[in-house]
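Residues per chain, in single letters:
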Amino acid sequence: MAPSRPLYQFPLYAALIVAWLWALPLAAMESADPAFQKWVKDFRKTAIANGISGPVYDRAFAGVNAPDQWVLDKAAYQPEFKAPVWQYFDNRVQKRAVARGRAEKEKLQPWLDKIEQRYGVDPNILLAIWSVESSFGAILDNQTVMRNVIRSLATLAYADPQRKKFGRQQLLAALKILQSGDIDEGHLTGSWAGAMGHTQFIPTSYQAYAVDLDGDGKRDIWNSVPDALATAANLLSSNGWRRGETWGYEVTIPKRKLPAGKLTIAEWEKLGVRRANGEPFPRKQDKAELKLLDGRQGPAFLMLKNFFVIKRYNNSDRYATAVGLLADQIGGAPGLVRDWNRPFTPIDSNQVEELQRLLKQRGFYKGEIDGKAGAGTRAAIRNFEKSAGVEVLGYPSREVLELLRK
């Protein structure tokens, strides 16, 4: 190997390096927002008044000199249409999620047993929440989605009128998490709205429910799956989870009009409601509410207390139902007796992957091969159907897949 020569013998390289070094502070100045920096300086007083130390605040905001435009774009985004019910459930209650949930259950069984003993929450429910919230932690490796929590919440508090109060409240909570030592500044990451870790807790919920299950002295929902699942179990247990009971039943209903609100199972039976699988209802005095998420043409459910406890995690009927259905299948139960009302022949997540791959090969799709038929996949399908001269529907169907295979 030839001996290296000193840098001064390469004047062009030296000039380039000097220019680059000069450009760094200029680029930083161009990206900085003086008004935001003043807001950060002023908010320091509020943080200190709420028990945050000056050094903790300064470390948290080191290098944070402008709002995150990506966060504001996400906050302002309004979907053009509400996803059809079948799309919501197909993207969450799918074969791959069930298989992964069962594998994680086997791997984590000692921890899950410990959590169930302490909190009384069905481990399958926790695995389903983990899947729906972060794809079993896969989202934590997505650098586009996972952002600096301090910057994200400061952005909302500073620049989003609708979420200003939320941003300030969550920012103070996030600073207290840093001050507790459970996580450091470099690893305090979350979604655009500050949802953190494997089970996606916002800072105030973290403060209320976070658990150190693995005994390392830190409530680490970012790196410790036992801590994250125990934290989710603590939230459910604290909000009234009933040990040993299910979340709801798929049912069949009579054609006549049925009452709204909660009745006992015995009362629903008198009205002609039956379990879809033909089995008898246990605990006839349990109160339940009838839910038709896809109208009378789709599956019907009697929802019990634990369904409404799951909604304390995310106040959405679809969310709580998806968690319940996925949990049941992870536990070995079959799928729905009556499928969602679809205008096409469905395909499973592995076949959706194949469909995405074929669309990408033909230049119609640029997204991830993930087995989830989101807006990008459906747009690609519509473009393909248009080019093929068939009716443009945009559904991830067996018909489209077979056409692509040809």
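Please read all numbers here as calculations on a predicted model, not as lab measurements. (Residues numbered from 1 in each chain as written. Predicted model: local features only at pLDDT ≥ 70, side-chain atom pairs only at ≥ 80, totals over all residues. Heavy atoms only, no water.)

(A) Structural view of helix α9 (residues 149-159). Counted residue by residue, α9 has 8 buried out of 11 residues, so it is predominantly covered. When α9 is considered as a whole, its buried residues turn out to be V149, I150, S152, L153, A154, T155, L156 and A157. (Buried < 20%, exposed > 50% of the residue type's maximum accessible area, 1.4 Å probe, protein only. Helix = DSSP H or I, 4+ residues; strand = E, 2+ residues; numbered from the N terminus.)

(B) Just the UniProt feature "domain: Peptidoglycan binding-like" (unreviewed entry) in the protein chain, in detail. The feature "domain: Peptidoglycan binding-like" (unreviewed entry), as annotated in UniProt, sits at residues 349-404 in this numbering. As a span, residues 349-404 carries 61% helix and 0% strand, and end to end its C-alpha atoms are 16 Å apart. (UniProt positions renumbered as here; feature names shortened; annotations may be inferred.)

(C) Fine view of the nonpolar core. Formed by 84 residues in total, the largest nonpolar core has its most connected members in F61, F89, I150, L171, L188 and L236. In this structure, F61 is in contact with V40, I150, A154 and L171, ignoring residues within four places of it in sequence. (Core = buried A, V, L, I, M, F, W, Y, C linked by side-chain atoms within 4.5 Å. Contact = heavy atoms within 4.5 Å.)

(D) Examining the pairing of strand β3 (residues 248-252) more closely. With 4 of 5 residues buried, β3 lies mostly within the body of the structure. Bridge count between β3 and strand β7 (residues 300-303): 4 bridges; the pairing is antiparallel. Bridging from a neighbouring strand, V251 pairs with A300 of β7. Pairing analysis gives 2 bridges linking β3 to strand β5 (residues 274-275), with the strands arranged antiparallel. Paired with V251 across the strands is R275, a residue of β5. (Pairing = 2+ DSSP bridges.)

(E) Up close: the packing of aromatic side chains. Overall, the coordinates contain 19 aromatic pairs when judged by the stated rule. Residues F201 and Y313 carry aromatic rings whose centres are separated by 5.5 Å and whose planes lie at 85° to one another, so their mutual orientation is edge-to-face. Pair noted here: F201 is in the loop between β2 (189-190) and α11 (203-209) and Y313 is in the loop between α14 (305-310) and α15 (317-330), with a separation of 112 residues, a long-range link. There is no split in this pair, since F201 and Y313 are both buried. Ring centres of F301 and W340 lie 6.2 Å apart, and the angle between their planes is 40°; this geometry places the pair in the tilted category. Residue F301 is located in strand β7, and its partner W340 is located in the loop between α15 and α16 (349-361); the two are separated by 39 residues in the primary sequence. The residues F301 and W340 share a single accessibility class, namely buried. (Phe/Tyr/Trp six-rings, centres within 6.5 Å; stacked < 30°, edge-to-face > 60°.)

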